[in-house]
Amino acid sequence: MQATEYQQWLRDTRDFWDVADEGTARFGRVCSSPEIDGARDPQELEQIWRRETQAAIGQILDGIPIEGDWHCLEIGCGVGRLMKALAGRCGHVAGVDLSERMLGYARRYLADTRNTSLHLNDGRSLEMIADSSVDFVFSHLAFQHITLYEVVDAYLAEIARVLRPGGYCRIQNWREGSLPVVERVKNVIRRMAGREVLRSNRCWQWQEGKSVRFGGVTFTPREWQRRLRRFGLTPLRVQVGLGHDYWMWTTCRRPADG
Ligand SMILES: C[S@@+](CC[C@H](N)C(=O)[O-])C[C@H]1O[C@@H](n2cnc3c(N)ncnc32)[C@H](O)[C@@H]1O
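About the cut-offs
Residues numbered from 1 in each chain as written. Predicted model: local features only at pLDDT ≥ 70, side-chain atom pairs only at ≥ 80, totals over all residues. Helix = DSSP H or I, 4+ residues; strand = E, 2+ residues; numbered from the N terminus. Near = placed C-beta within 6 Å. Nonpolar A, V, L, I, M, F, W, Y, C, P; charged D, E, K, R; others polar. Pairing = 2+ DSSP bridges. Core = buried A, V, L, I, M, F, W, Y, C linked by C-beta atoms within 7 Å. Buried ≥ 20, exposed ≤ 12 C-beta atoms within 10 Å, placed from the backbone. Contact = placed C-beta atoms within 7 Å. Expected span 1.5 Å × (residues − 1). Axes fitted to C-alpha atoms, helices over the stretch in contact; angles between N-to-C directions. pLDDT = per-residue confidence, 0-100.

1. Let's talk about the environment of Arg81
(1) Moving on: Following the sequence through the fold, Arg81 ends up in helix H5 (residues 81-87).
(2) Moving on: A C-alpha to C-alpha distance of 13 Å links Arg81 and Phe138, two positions 57 residues apart in sequence.

What follows is the structure in structure tokens.
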């Protein structure tokens, strides 16, 4: 992709995530669900937030032998709720995000932590993180929104670079093949009509005329593992349907001798 096209993609993507207030960031972007839309008061919203954050932490740490001195890194940290939950369990948590506004909300959210840092990135690189310096990279609700294969690949190369040998990575994304039958039939019709095919059941256009979609590129578990290996990451475990039936969670490691 040309640099100018990438810059346009980055502008459009930032446009989507750079929301005007913290409430919209938390309940319109980071967490969004019919339950949230139906919540009656702020207290109920906070309860849902706490419950969903706890569930996410359980999924992120599932099978990860986290230690008190570990350096962790979140890709697409949003307002920093997961960083905050992990800060008490490890040595340091860094978060990168392409949205300046999200990072602004995260700065406030993490104000009472001493072992966190936040970094604005260009949506695909981790240049502020030193080689082999991270024990654990994780990403939740971010890869599922990445609409370009080249961005996913750029991140996998960066993850392999920043992980220490033997370091762990856990990523949640959307799996291909999770479309309901009715959508698959519609895809056949879309293809015949020369229209864009739905790649996942959340892959909609967020705003008419914009190139940014809410749903990102999807992979079969096999394709995904092949991709991880291509970047020198060893897949240890792929969990399909953990959290949602269209989700895929993967644990991988940089080889200890790699
Ligand atoms: C749905 S929020 C999730 C935030 C956080 N991971 C959580 O679960 O609380 C997605 C976040 O990923 C960020 N994001 C999306 N695409 C990204 C990319 N290519 N690089 C860096 N951040 C990205 C967005 O700006 C947003 O803050």
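Read on, since the account is not over.
2. A short note on the site of the ligand
(1) Moving on: Around the ligand, the structure places 22 residues, and the nearest of them are Trp17, Gly76, Gly78, Ser99 and Leu141.
(2) Moving on: Sorting the residues of the shell around the ligand by element identifies helix H2 (22-30) and H5 as the ones contributing at least two each.
(3) Moving on: Of the residues assigned to the shell around the ligand, the class counts are twelve nonpolar, seven polar and three charged.

3. What about the pairing of strand E6 (residues 234-240)?
(1) Moving on: Two strands pair when backbone bridges link them, and E6 and strand E7 (residues 247-253) are joined in this way by six bridges, in the antiparallel orientation. The residue of E7 that forms the bridge with Pro235 is Cys252.
(2) Moving on: Following E6, the chain reverses through six residues before pairing antiparallel with E7; Gly241 in that reversal takes a positive phi of roughly 90°.

4. Quick word on the nonpolar core
(1) Moving on: Leu73, Ala106, Val137, Ile159, Val162 and Cys169 are the most contacted members of the largest nonpolar core, which has 55 residues in total.
(2) Moving on: A per-element tally of this core places helix H7 (residues 149-162) first, with seven residues.
(3) Moving on: Not counting residues up to four positions away in its chain, the partners in contact with Leu73 are Ala94, Ile129, Val134, Val137 and Val162.

5. Structural notes on H7
(1) Moving on: The end-to-end C-alpha separation of H7 is 20 Å, in line with the 20 Å expected for 14 residues at 1.5 Å each.
(2) Moving on: Within the span of H7, buried status applies to Val151, Val152, Tyr155, Leu156, Glu158, Ile159, Ala160 and Val162.
(3) Moving on: In the core, the buried residues of H7 are packed alongside strand E1 (71-75), strand E4 (134-139), strand E5 (163-174) and helix H9 (221-230).

6. Structural notes on the sheet that holds E6
(1) Moving on: Read across the open sheet, the seven strands follow the order E3-E2-E1-E4-E5-E7-E6; overall the sheet is mixed. Two strands lie at the open edges of the sheet, namely strand E3 (116-120) and E6, each paired on one side alone. Direction aside, neighbouring strands of the sheet carry axes that sit 15° apart on average.
(2) Moving on: Across the sheet, H9 touches E6 and E7, and the angle it forms with E6 is around 155°.

7. As for the pairing of E1
(1) Moving on: Taking burial as the measure, the five residues of E1 include five buried ones, the bulk of the element.
(2) Moving on: Of the two faces of E1, both are covered, the one formed by His71, Leu73 and Ile75 as well as the one formed by Cys72 and Glu74.
(3) Moving on: Here three bridges tie E1 to E4, and the two strands are oriented parallel to one another. Looking across to E4, one finds that Cys72 is bridged to Phe136.

8. Some points on the confidence of the model for the protein
Detailed conclusions should not be drawn from predicted coordinates in areas where pLDDT is low.
(1) Moving on: Per-residue pLDDT for the protein has a mean of 90; in total, 91% of the residues score no lower than 70.
(2) Moving on: Between residues 201-207, whose pLDDT stays under 50, and residues either more than four places distant or in other chains, the model counts 20 contacts.

9. Some details on unusual backbone geometry
(1) Moving on: Positive phi values are uncommon outside glycine, yet Ser132 reaches one of about 50°.
(2) Moving on: Tracing the chain through its elements places Ser132 in the loop between E3 and E4.
(3) Moving on: Positive phi values are uncommon outside glycine, yet Leu141 reaches one of about 60°.

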